[in-house]
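Listed here are the chains, written in short residue letters.
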Protein chains: 2
Amino acid sequence: MSGILAALTTDHRRAVRIAESAQAAEGVLTLERFRAWFAERRREDASRVERIPLDELDRWRTDPATGDIAHESGRFFAVTGLSAEVAGAAVPAWTQPILLQPEIGILGILAKEIDGVLHFLMQAKNEPGNPDGVEISPTVQATRSNYTRVHRGAPVPYLDYFRDTRRHHVIADVLQSEQGSWFFQKRNRNIIVETTDEVEPLEGFAWLTLGQLHRLLAGDTVVNMDARTVLSCLPFSGVGLSSSHAFPGQEFRQSVLRSYSEEFAGLHDIGGILSWITETRSRHEVAARRVPLRDAELWHRRDGTIEHESGLFFRVIGVRVESGHREVSRWDQPLVEPIGVGVNAFLVKRVDGVLHALVHAGVQPGFRDVLELGPTVRCTPGNYAWLPAAARPPFLDEVLSAPPERIRFASVLSEEGGRFRDARNRYMIIETDAGHAPDPGPDYRWLTLHQLVGLLRHSHYVSVEARSLVACLHSLVSRPD
Amino acid sequence: MSGILAALTTDHRRAVRIAESAQAAEGVLTLERFRAWFAERRREDASRVERIPLDELDRWRTDPATGDIAHESGRFFAVTGLSAEVAGAAVPAWTQPILLQPEIGILGILAKEIDGVLHFLMQAKNEPGNPDGVEISPTVQATRSNYTRVHRGAPVPYLDYFRDTRRHHVIADVLQSEQGSWFFQKRNRNIIVETTDEVEPLEGFAWLTLGQLHRLLAGDTVVNMDARTVLSCLPFSGVGLSSSHAFPGQEFRQSVLRSYSEEFAGLHDIGGILSWITETRSRHEVAARRVPLRDAELWHRRDGTIEHESGLFFRVIGVRVESGHREVSRWDQPLVEPIGVGVNAFLVKRVDGVLHALVHAGVQPGFRDVLELGPTVRCTPGNYAWLPAAARPPFLDEVLSAPPERIRFASVLSEEGGRFRDARNRYMIIETDAGHAPDPGPDYRWLTLHQLVGLLRHSHYVSVEARSLVACLHSLVSRPD
């Protein structure tokens, strides 16, 4: 029996340490000092981003036969075309530009116990597409082209902790997908490694507790997408915590903690959820394949950008970047610029005092495996001007008209600024009544947070938008009702 | 706490019922009577398979532009080309014909408790490519084209148990890949459903216990691939069983039971194994894409078949099938005919009395996610006449020269006869010393059976060849030392 007891003890102890870090409002830096430091990083960031025509991008070539746009090294990423067919959907077939990035990058956060509390080494980093400049990023955020130094830039700091984990303790390590509307089958390695080494934060890096990160997450465009997706993979667990960390009178917060505990059953057991995912993947007939970019109908390249003839959805633009703080200090690249601010929202409800989130098994053409569990609502409301009425997502109007007292979380967060220009979504967690949507339809299920955390140990179950929301859900354990 | 206790009780009770079925050497039919019935089904099977040139296949067309071969309905499957690049491999780039079958089919086994013992409803079924005619198949084995009746054949019996599971109990339900060397990203729904309905076996069906299936699995070409892959997804668990089902003096059998118990720790914990899979998937740079079949270099279509200029690997042939027992009674189709009999083998060893199997994280170009955990050795030895010496798999010579007393399982089993002609592999489980290959290389790991069973709840972790071997490993709990 020693094996299982040892394993339970390790898991339990890790759960307690993560929970304690989530309750730690202060760490080696006070939050106030961190905010001042962060504001200064933003102010002093010297990078400049200038919009230029796609035709003028240095070292990027447009293939005359296909219209695809690729880097002359063949690395980094390319802009190509996608043809999608989704049987029975409101829009059953379309073509579009899509980003192709087959390389697996590393999104890594280094963790370390400092003064008895787990801290996470975060980087203040700018990306050319960020709406407000510097954001809080993982310790390492590097494509394979980056870290194998294709562009002969400076080495990536702290990389070795993630490339050779043997001397350290791996807290999470999983390939996760990114936007299936904009990327073709892209994924990154999401990894959290705990070390006992002495680690001095380099310039631009700081140690934060989870409680501090959770408070920062409440601000608009402060914590970047890469940090959110890695944080969502933390093995949050409430085993034994819902009693030891009681918050009297804070019934909502208590329902979040209970939801992380496998001790509290959800509406569905995990076998039933896996079977439902299998069934939905079997039911949806999706065919998505790469086509030449010039075969993307209704998309036009003119004046150095590519856009849809409606003016909606997104544009592909070119930028010239100058940065004093990056591996290379000047480069050109294409970016995808979405039109309008999107909404990514979870409806949540308490069932027998246990919080459940309503996930949507949503098809996106760039997914490797048909669909992933996404937010209850994921859309850019402005696009429905062009799309058929049947395409309007269920629950959208309910989300947009939620009264303030129902809104448990709301902030505007940016998506990957290395590929997207000013891509912002309003992330919302909205509480509804326990009796709401008891039978929400064949592509929706109410899941506990414990179940989401379990699925997040594996690839291709939880979409990047839902993962951002899971990070936001995590943050609710740090926040009084 | 009632939730977790109820869940443990259900899981535990299911584990006990599966283990009891595995120990049941006799069921509602004696094994002797079943064997007589099965022999009669083989004798009386009226189907005839005739080899015909690909050019003469009725209702199949060769696209003049691409050379691809497809059914005129656009359904079923197609023969197309694949271009694969595997950085750093002994053969770093090649092209080949490959089967394209994007539809998700159902491989379903219906289970039912009869006289207190779990029984499984199996079908005696022939497929055109089967080497020895009728084999034991799942209750339902149907492509989507089959069960949506594209060819207007008879309805598939028992299908509704798997299409609408709500009234029944789902024991397993997961999408699993098939041969990544011959299929492009194909997978099927592997599902086991338990019913309490009264179910009368139709002609050609019989109820068997797991113990009976395990004995039948020891025979050559008796239990078909589809049955094996579904059986491999059974949630075998040894929780509490290794003591309650003690087999005094049978140390090997006991080590198998212990290996199914999470109570006994393995050499690696599951977090470490998931991290290793993530790392191997990140490390291998694989690019595989469909190309026109006529772009498959070194493959030639002549005399109505497609073959490699070496005469090795496989051929694509045409067949004409006549069957009295199928949904439609006459049809033509292409089949892939491998050259030579392959070897799929697990090396296993006992570590502290717990059996471990050596899995190989193996790249195959048709995999959806780079690689899956396969047998220690998976190959067709004859192919190495043509391939570079560096391509010869590690551990192959050890497997081929294993002394009889080390061979814990060996039988020649067929692969999917609906797509492959006379495709046979020798499946072997070979025991080595506890000290063997302690550091087997970066793409190999020693796993317990409990860990394999846990991974089998999810897609794309365990290859079809390894799943056949897992079904064989399951059978060792039924067999005295």
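Residues numbered from 1 in each chain as written. Chains lettered and ligands numbered in written order. Predicted model: local features only at pLDDT ≥ 70, side-chain atom pairs only at ≥ 80, totals over all residues. Heavy atoms only, no water.

Per an unreviewed UniProt entry, chain A goes by the name NDP-hexose 2,3-dehydratase family protein and belongs to Actinomadura fibrosa.

Turning our attention to the overall build of chain A. Of the regular secondary structure elements, chain A holds 12 helices and 25 strands. Relative to the globule expectation of 23 Å for 481 residues, the C-alpha radius of gyration of chain A, 22 Å, shows essentially globular dimensions. Its C-alpha atoms put chain A at 65 × 50 × 45 Å along the principal axes. Looking at the 481 residues of chain A, the share that counts as buried comes to 60%. (Helix = DSSP H or I, 4+ residues; strand = E, 2+ residues; numbered from the N terminus. Rg over C-alpha atoms; globule rule 2.2 N^0.38 Å. Buried < 20%, exposed > 50% of the residue type's maximum accessible area, 1.4 Å probe, protein only.)

Once that is clear, we can look at the interface of chain A and chain B. Contact residues are listed per partner, giving 32 residues for chain A and 32 residues for chain B. Of the roughly 2900 Å² buried where chain A meets chain B, counting both sides, 48% is carbon and sulfur surface. Between chain A and chain B we count 6 salt bridges in total. Among the salt bridges present, the one from A:Glu285 reaches B:Arg144, with a minimum N-O distance of 3.5 Å. Summed over the shared surface of chain A and chain B, the number is 16 residue pairs in polar contact (both at pLDDT 80 or more). Elements with a contribution of two residues or more to the side of chain A that touches chain B: helix 1 (2-23), strand 10 (169-177), strand 12 (187-194) and helix 9 (270-283) of chain A. For the side of chain A that touches chain B, the class distribution of residues is 11 nonpolar, 7 polar and 14 charged. (Contact = heavy atoms within 4.5 Å. Buried area = accessible area lost by both parts, 1.4 Å probe. Salt bridge = Lys/Arg side-chain N within 4 Å of Asp/Glu carboxyl O. Polar contact = N/O pair within 3.5 Å; in protein donor to acceptor, adjacent residues only side chain to side chain. Nonpolar A, V, L, I, M, F, W, Y, C, P; charged D, E, K, R; others polar.)

A word on the relation of the copies chain A and chain B. With an RMSD of 0.0 Å, the operation that places chain A on chain B is a rotation of 180° combined with a shift of 0.0 Å along the axis. What the superposition gives is, in effect, a two-fold axis relating one chain to the other. In terms of C-alpha distance to the rotation axis, chain A has A:Arg368 as its closest residue, with the C-alpha 3.6 Å off the axis. By residue overlap, the copies meet face to face through one surface: 100% of the interface positions of chain A are interface positions in chain B. (Least-squares fit on C-alpha atoms with pLDDT ≥ 70 in both.)

Within the structure shown, the criterion is met by 20 aromatic pairs over all chains. Their ring planes at 40° and their centres at 5.4 Å tell us that B:Phe34 and B:Trp37 sit as a pair that is tilted. Highlighted residues: B:Phe34 and B:Trp37, both in helix 2 (residues 31-44), separated by 3 residues, approximately one helical turn. A relative accessible area of 2% means that B:Phe34 is categorised as buried. Exposure remark for B:Trp37: the relative accessible area of 24% places this residue in the partly exposed category. Taking 4.6 Å as the distance between ring centres and 55° as the angle between the ring planes, the aromatic pair formed by B:Trp182 and B:Phe420 counts as tilted. Of this pair, B:Trp182 sits in the loop between strand 10 (169-177) and strand 11 (183-184) while B:Phe420 sits in the loop between strand 23 (407-414) and strand 24 (424-432), placing them 238 residues apart in sequence. B:Phe420 matches B:Trp182 in its accessibility class, with the two residues each being buried. One aromatic cluster is present, built from ring pairs that chain together A:Phe34, A:Trp37 and A:Phe38. Its guanidinium or amino end placed over the ring of A:Phe247, A:Arg253 lies 3.7 Å from that ring's centre, counting from NZ or CZ. B:Arg408 extends its terminal NZ or CZ atom over the ring of B:Phe252, reaching a point 3.8 Å from the ring centre. (Phe/Tyr/Trp six-rings, centres within 6.5 Å; stacked < 30°, edge-to-face > 60°. Lys NZ or Arg CZ within 6 Å of the ring centre and 35° of its normal.)

A word on the pattern of salt bridges. If the charged atoms of two oppositely charged side chains come close together, the side chains can form a pair. Inspection of the entire model under this criterion finds 61 salt bridges over all chains. When the shortest N-O distance is used, the salt bridge between B:Asp433 and B:Arg406 registers 2.9 Å. Placement of B:Asp433 in the loop between strand 24 and strand 25 (444-448) and of B:Arg406 in the loop between helix 10 (396-400) and strand 23 is noted, with a sequence separation of 27 residues between them. Judged by its relative accessible area of 47%, B:Asp433 falls in the partly exposed class. The closest approach of N and O atoms between B:Arg408 and B:Glu431, which form a salt bridge, is 3.0 Å. Residue B:Arg408 is found in strand 23, and its partner B:Glu431 is found in strand 24; the two are separated by 23 residues along the sequence. The exposure class of B:Arg408 is partly exposed, given its relative accessible area of 21%. Shared partners join several salt bridges into a network, and the residues in it are A:Arg51, A:Glu307, A:Arg315 and A:Glu337.

Attention now goes to the environment of B:Gly435. Tracing the backbone through its elements, the reader meets B:Gly435 in the loop between strand 24 and strand 25. In the structure, B:Gly435 is positioned 84 residues away from B:Val351 in sequence and 8.4 Å away in space, judged by C-alpha atoms.

What follows concerns the confidence of the model for chain A. Residue and element names in this part refer to chain A. Confidence in the prediction of chain A, expressed as mean pLDDT, is 93, and 95% of residues score 70 or more. Across residues 1-5 the pLDDT falls below 50, and counting only partners more than four positions away or on other chains, this stretch makes 5 contacts in the model. Our summary of model confidence lists the complex with pTM equal to 0.95 and ipTM equal to 0.95. (pLDDT = per-residue confidence, 0-100.)

Moving on to the pairing of strand 7 (residues 117-125) of chain A. Residues and elements named next belong to chain A. Where burial is concerned, most of strand 7 is hidden: 8 out of the 9 residues are buried. For strand 6 (residues 105-114) and strand 7, the ladder comprises 5 bridges, and the chain directions are antiparallel. Bridge pairing in strand 7 places Leu110 opposite Leu121. Of the pairings in the sheet, the one linking strand 7 to strand 13 (residues 205-209) comprises 5 bridges and is antiparallel in character. By the bridge assignment for strand 13, Leu121 is matched with Trp207. Bridge count between strand 7 and strand 8 (residues 135-137): 3 bridges; the pairing is antiparallel. Across the sheet, the residue bridging to Ala124 is Ile136, located in strand 8. (Pairing = 2+ DSSP bridges.)

Bringing unusual backbone geometry into the picture now. With phi around 70°, A:Leu298 is a residue other than glycine that occupies positive phi space. Relative to the helices and strands, A:Leu298 is located in the loop between strand 14 (286-291) and strand 15 (299-302). Its identity is not glycine, yet B:Arg59 carries a phi of approximately 70°, on the positive side. Positionally, B:Arg59 belongs in the loop between strand 1 (48-52) and strand 2 (60-62). Using a relative accessible area of 36% as the deciding quantity, one classes B:Arg59 as partly exposed.

So, on to the packing of helix 2 (residues 31-44) of chain A against helix 5 (residues 210-217) of chain A. How two helices sit against one another is set out by the angle between their axes and by the gap between those axes. Residues and elements named next belong to chain A. Taken N-terminus to C-terminus, the directions of helix 2 and helix 5 make an angle of 55°; their axes are 11 Å apart at the nearest point. With respect to their mutual orientation, helix 2 and helix 5 come out oblique. Considering how the two elements wind past one another, helix 2 and helix 5 form a crossing that is right-handed. Listed contacts from helix 5 to Leu31, Phe34 and Arg35 of helix 2 are Gln212, Arg215 and Leu216. Residue composition of the contact of helix 2 with helix 5, grouped by class: 3 nonpolar, 1 polar and 2 charged. (Axes fitted to C-alpha atoms, helices over the stretch in contact; angles between N-to-C directions. Parallel < 35°, antiparallel > 145°, perpendicular 65-115°, else oblique. Left-handed = near helix turned anticlockwise from the far one by under 90°.)

A few words on the pairing of strand 4 (residues 78-86) of chain A. Residues and elements named next belong to chain A. Of all 9 residues making up strand 4, 8 are buried, and the element is well covered by its neighbours. Across 2 bridges, strand 3 (residues 69-71) lies against strand 4 in antiparallel orientation. Each residue of the ladder has a partner; that of Ala70, found in strand 4, is Ala78. Between strand 3 and strand 4, which pair antiparallel and follow one another directly, the connecting turn spans 6 residues, one of which, Gly74, has a positive phi of 80°.

Since the α-helix packs 3.6 residues into each turn, any two residues three or four apart lie on the same face. All names here are of chain A. The buried fraction of helix 6 (residues 225-232) amounts to 8 of the 8 residues, a majority that puts the element mostly inside the structure. Along helix 6, the residues that are buried comprise Met225, Asp226, Ala227, Arg228, Thr229, Val230, Leu231 and Ser232. The N-cap of helix 6, judged by a side-chain oxygen 3.2 Å from the amide nitrogen of Asp226 a few residues on, is Asn224.

In the structure shown here, the tally under the stated rule is 0 disulfides over all chains. In this structure A:Cys233 is not part of a disulfide, and its nearest cysteine sulfur, from A:Cys472, lies 14 Å away. Owing to a relative accessible area of 8%, A:Cys233 belongs among the buried residues under this scheme. Of all cysteine sulfurs in the structure, the one in B:Cys472 sits closest to B:Cys379, which takes part in no disulfide; the separation is 17 Å. (Disulfide = S-S within 2.5 Å.)

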